[in-house]
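# Fold and geometry: a report
In case you want the letters, here they are:
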Amino acid sequence: MMAAVENNVIRSQERVKKLQGVALFWAVVWARAYPRIIGALRQKSWLFFETVFPLLGVVGYIYVYRAVNAPQEYIGFVVLGGAMTAFWLNVLWSMASQLYWDKEDGNLEIYVLCPAPMMAILVGMAIGGMIMSATRAVVIIVVCSLAFGVVYSVGSIPTLIAVFLLTMIALYGMGMMFASVFLASGREAWHIANLLQEPIYLVSGFYFPVRALGTFVAAAASLVPLTMGMDGMRQLLFPSNHATGLMPVELEVVLLILLSVLFIGGAYFALRKLEQIGRREGRLIERRR
């Protein structure tokens with residue numbers, strides 16, 4: 001038995017040695033994404049709790065809007081916002097905090113010692129987390145839309161897809177950048193994650209048009225990609241409510257592209273800086289902090 005395991009390890013090492021450059025990068029990406037994609041499907045209880053329980057919070061907001069006789073489109077706003085919370089929570093807890101947890105569990109040592117690029121590991125975490133969170137988001141949209149009669153009128157499907165993909169790229173790029181920041185902050189990572197969770201629900205307008213917060217607050221909230229992403233998707237899904245939009249969709253697409261470049265570039269340089277500090281001070285993987 002032990003001989004078979006050793007042979008498998010040797011063969012795996014030989015395959016890794018043969019991979020270089022882009023091939024190694026993408027092999028690491030999919031290797032890191034695999035546990036998140038497959039693991040979510042294997043744990044049926046997780047799938048149930050992660051999809052059914054979040055529906056209760058969304059339904060609560062829907063009944064509040066119904067009680068005050070709000071326009072039917074506002075129920076659609078709540079459904080979309082409730083679906084996007086899945087991605088924000090995944091970015092906050094399974095992206096930004098992940099390297100810190102790996103450090104505490106002793107897995108970060110493996111990441112550092114293996115020939116895999118750390119950036120590829122972060123990209124794999126992002127892709128796996130995105131697919132895992134999409135299950136919860138789709139369930140919320142489908143169930144709530146059917147149960148409460150939400151009607152969507154898509155103005156432009158290609159633009160809608162582009163806004164969603166750019167939002168995900170910028171959002172998970174921010175999560176990749178935060179991963180290095182949270183790792184450097186040590187035990188404060190837990191408090192930072194808690195600090196960012198609930199306030200973002202408010203300032204990003206998860207359950208109401210962000211324009212209601214005022215121009216200055218909404219502009220500041222636009223630094224979080226979800227703010228402009230949800231605003232753009234709402235304008236495309238409910239064309240009769242352009243007046244509630246923060247800015248034209250075309251401008252939001254441009255700004256999302258800039259945020260994607262900013263956060264992914266920031267993630268790369270933050271990771272490089274963290275590695276330099278780790279080499280200089282020798283405490284990147286220690287668990288004393």
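Further up the page is the structure itself.
In what follows, the accompanying structure is described. (Residues numbered from 1 in each chain as written. Predicted model: local features only at pLDDT ≥ 70, side-chain atom pairs only at ≥ 80, totals over all residues. Heavy atoms only, no water.)

## Description of the environment of Gly57
Following the sequence through the fold, Gly57 ends up in helix α3 (residues 44-67). The class of Gly57 is partly exposed, set by a relative accessible area of 37%. Residues Gly57 and Gly82 lie 25 residues apart in sequence; the distance between their C-alpha atoms is 8.0 Å. (Helix = DSSP H or I, 4+ residues; strand = E, 2+ residues; numbered from the N terminus. Buried < 20%, exposed > 50% of the residue type's maximum accessible area, 1.4 Å probe, protein only.)

## Structural notes on the packing of helix α4 (residues 72-96) against helix α8 (residues 157-185)
Orientation of α4 relative to α8, taken along the N-to-C sense of each, is 25°, at an axis distance of 8 Å. By the criterion of interaxial angle, the relationship of α4 to α8 is roughly parallel. Like other packed secondary-structure pairs, α4 and α8 cross with a definite hand, here right-handed. Facing α4, whose interface residues are Met84, Phe87, Trp88, Asn90, Val91, Leu92, Met95 and Ala96, α8 presents Phe164, Thr167, Met168, Leu171, Tyr172, Met174, Gly175, Met176, Phe178, Ala179 and Phe182. Taken together, the residues that form the contact of α4 with α8 break down as 16 nonpolar, three polar and no charged. (Axes fitted to C-alpha atoms, helices over the stretch in contact; angles between N-to-C directions. Parallel < 35°, antiparallel > 145°, perpendicular 65-115°, else oblique. Left-handed = near helix turned anticlockwise from the far one by under 90°. Contact = heavy atoms within 4.5 Å. Nonpolar A, V, L, I, M, F, W, Y, C, P; charged D, E, K, R; others polar.)

## Some details on the nonpolar core
Side chains of a nonpolar character, in soluble globular proteins, are inclined to be buried together. Ranked by internal contacts, the top residues of the largest apolar core, which has 78 residues, are Met84, Trp88 and Phe206. With 15 residues, α4 is the single largest residue contributor to this core. Apart from the residues lying within four places of it in its own chain, the contact partners of Phe206 are Phe77, Gly81, Gly82, Met84, Thr85, Trp88, Ile200, Tyr201, Leu226, Met230 and Arg234. (Core = buried A, V, L, I, M, F, W, Y, C linked by side-chain atoms within 4.5 Å.)

## Some points on empty space enclosed by the protein
Overall, the coordinates contain two cavities of 30 Å³ or more when judged by the stated rule. Within this model, the largest cavity holds a volume of roughly 80 Å³. Around the largest cavity sit 14 residues that line it, and Pro209, Met230, Asp231, Arg234 and Thr244 are the ones nearest its centre. Broken down by element, the residue count for the lining of the largest cavity peaks at five residues, all from helix α11 (residues 225-237). (1 Å grid on protein atoms, 1.4 Å probe; cavity = no way out; pocket = protein on both sides within 12 Å on 5 of 7 lines; lining within 4 Å. Points joined across faces, edges and corners; volume = space filled by probe spheres on them.)

## A closer look at the environment of Met132
In this fold, Met132 is placed in helix α7 (residues 118-148). Note on Met132: relative accessible area 29%, which makes it partly exposed. Taking the C-alpha atoms as reference points, Met132 and Leu47, separated by 85 residues in sequence, lie 9.4 Å from one another.

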